[in-house]
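# Fold and contact review
Each chain, letter by letter, is given below.
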Amino acid sequence: MRVLRSERSASFNGTRIKTRKRNIAAPLDPAAFADAVVQIYLDNAGDLELVAKSIESADLNFSRYGDTFFEASSSFIIYKVQIVNIISLECSRIEGSISLVVVFTGGRTQPGTTKPDEGERHPYSIIDCEPTREIILPSVIYTQKILRRKPFLIKNLENVMRRFLQSLELFEENERKKLAIFTALAFSQKLSGLPPETVFQPLLKDNLVAKGIVLSFITDFFKEYLVDNSLDDLISILKRGKMEENLMDFFPSAKRSAEGFSEHFSKEGLIPLVEYNEKKIFEVKLKEMKSALTTQIAEEADMSEVIDTVKQRVKDAKLPDIEIVRILWDVLMDAVQWSGKNQQQNANSALRQVKTWAELLNTFCINGKLELELMYKVQMQCYEDAKLMKLFPEIVRSLYDQDVLAEDTILHWFRKGTNPKGRQTFVKALEPFVNWLEEAEEEE
């Protein structure tokens, strides 16, 4: 802050020399600022409505001591001993690096510790309260009010939260839980100044993850956030924080497995999260298998090699048979070189592909249920792709000729099929073939 601008002239060897103008800045005094904010809490007996009004009218330099304000008001100081000098240097570079301390810690603390320093303290901080949402929520709402009235403090809140989360090991377990609840409620209330990356990325410090501190914190965060929000809401903030695909990074390396994930969060009652993760893993395995098959089909690999690949992936990934049938058909049809206008050429290409890879389909369509699923898959593809609309009966006939589809399966689909997409059109188109099947059956 500029407080004095002076201009002096001097004489040297009879010549007047005009000196440069100088800026004299007032020295930083975060201690006095913190004490003044603490006094506001004490004067209003911790009534956050009254505190907010007093803060708004107070003649204090919040723009300079933003970090100190939040830290002292809420009682979460977390400067780490080993990096005290670095943080002190940061505070000297960023003048707003002091006013968040009072919001999170109730007063000043000794550098590099969580121990109280000299000066006044108030007992209304988050650290001093009970670890329940009912008690902590008013502090979140109060912080939101302060940010609306003084939006320049948003960056200070982000700075302080980042430092807190990077130094979780300085807190006791119940204190970390309070911070997790505050953070979850902050997202639930859409608190300004807390982009998801501010919360999730600082957590990924190797020493914090290895000790299980991060997993404990994030578990408390998930449980609290899901009280008021849906799983989709949680996934949304995880995506914004670039963590949706990296949830395992919260786990110590020894527990970083699908089984470890499911066991931990099931025990904590977060079954929807477990089911979501299992679905994601399943989708990844399907994608990997589809990619491998696509490569082999494109390279015209040996039939036995392709079959072995599918069997091994089914075994390793425990993929259900019905998904295998769907993937096989998708891959085979994706590999067809379709013609834009020539309908007969399209028909020939599709039928050639079916004939070429019939053994592959036959290996995994091992019962009537899977054969019926293949028919539904063909039905949907012909319904969704205009160039295949008229090919349905020809494809079904080819699958029958190659012993992939049994007569009973085709008749069941014709008489009792449940998928309505294009069914009326396809039933009519398949009717001549079905009549032939029924006549042949009567003759036998």
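As shown above, the structure is provided for reference.
Residues numbered from 1 in each chain as written. Predicted model: local features only at pLDDT ≥ 70, side-chain atom pairs only at ≥ 80, totals over all residues. Heavy atoms only, no water.

Structurally, Glu 323 is set in helix H16 (residues 321-334). Residues Glu 323 and Leu 370, 47 residues apart in the sequence, show an inter-C-alpha distance of 9.6 Å. Excluding its chain neighbours within four sequence positions, the residues that come into contact with Glu 323 are Phe 282 and Leu 286. (Helix = DSSP H or I, 4+ residues; strand = E, 2+ residues; numbered from the N terminus. Contact = heavy atoms within 4.5 Å.)

Before going further, it helps to spend a moment on helix H12 (residues 231-240). Turning to H12, its buried residues are Leu 234, Ile 235, Ile 237 and Leu 238. Taken down its axis, H12 places every buried residue within 165° of arc, on the same side. In this structure, the buried residues of H12 make contact with helix H8 (173-188), helix H9 (196-203), helix H11 (213-228) and helix H14 (271-298). Following H12 by one or two positions, Lys 242 has its phi on the positive side, about 60°. (Buried < 20%, exposed > 50% of the residue type's maximum accessible area, 1.4 Å probe, protein only. Arc of directions from axis to C-beta.)

As a further point, take the packing of aromatic side chains. Counted under the stated rule, the structure contains 15 aromatic pairs. On the numbers, 5.9 Å between centres and 45° between planes, the contact of Phe 222 with Phe 265 is tilted. Here Phe 265 lies in helix H13 (residues 258-267) and Phe 222 lies in helix H11, a separation of 43 residues in the sequence. Grouped by ring-pair contacts, the aromatic residues Phe 187, Phe 200, Phe 221, Phe 222, Tyr 225, Phe 250, Phe 251, Phe 261 and Phe 265 constitute a single cluster. The ring of Trp 436 carries the charged tip of Arg 397 above its face, separated from the ring centre by 4.9 Å. Lying over the aromatic face of Trp 413, Arg 423 brings its terminal NZ or CZ to 5.1 Å of the ring centre. (Phe/Tyr/Trp six-rings, centres within 6.5 Å; stacked < 30°, edge-to-face > 60°. Lys NZ or Arg CZ within 6 Å of the ring centre and 35° of its normal.)

Let us now look at helix H17 (residues 343-356). With 14 residues, H17 should cover 20 Å at 1.5 Å per step; its first-to-last C-alpha distance of 20 Å lies within 8% of that length. Among the residues of H17, Asn 346, Ala 347, Ser 349, Ala 350, Gln 353 and Val 354 are the ones counted as buried. Considered in projection along H17, the buried side chains sweep an arc of 165° and stay on one side of the axis. For H17, the exposed residues lying more than 90 degrees away from the buried face are Arg 352 and Lys 355. Where H17 is buried, its residues contact H14, H16, helix H18 (358-364) and helix H20 (392-401). (Expected span 1.5 Å × (residues − 1).)

Inspection of every chain in the model, using the stated rule, returns 14 salt bridges. Put simply, Lys 155 and Glu 158 hold a salt bridge, and the shortest N to O gap is 3.8 Å. Highlighted residues: Lys 155 and Glu 158, both in helix H7 (residues 154-166), separated by 3 residues, approximately one helical turn. The exposure class of Lys 155 is partly exposed, given its relative accessible area of 48%. A salt bridge links Asp 401 to Arg 397, with the shortest nitrogen-to-oxygen separation between them at 3.4 Å. Taken together, the positions of Asp 401 and Arg 397, both in helix H20 and 4 residues apart, correspond to about one turn of that helix. Residue Asp 401 is classed as partly exposed on the basis of its relative accessible area, which comes to 45%. (Salt bridge = Lys/Arg side-chain N within 4 Å of Asp/Glu carboxyl O.)

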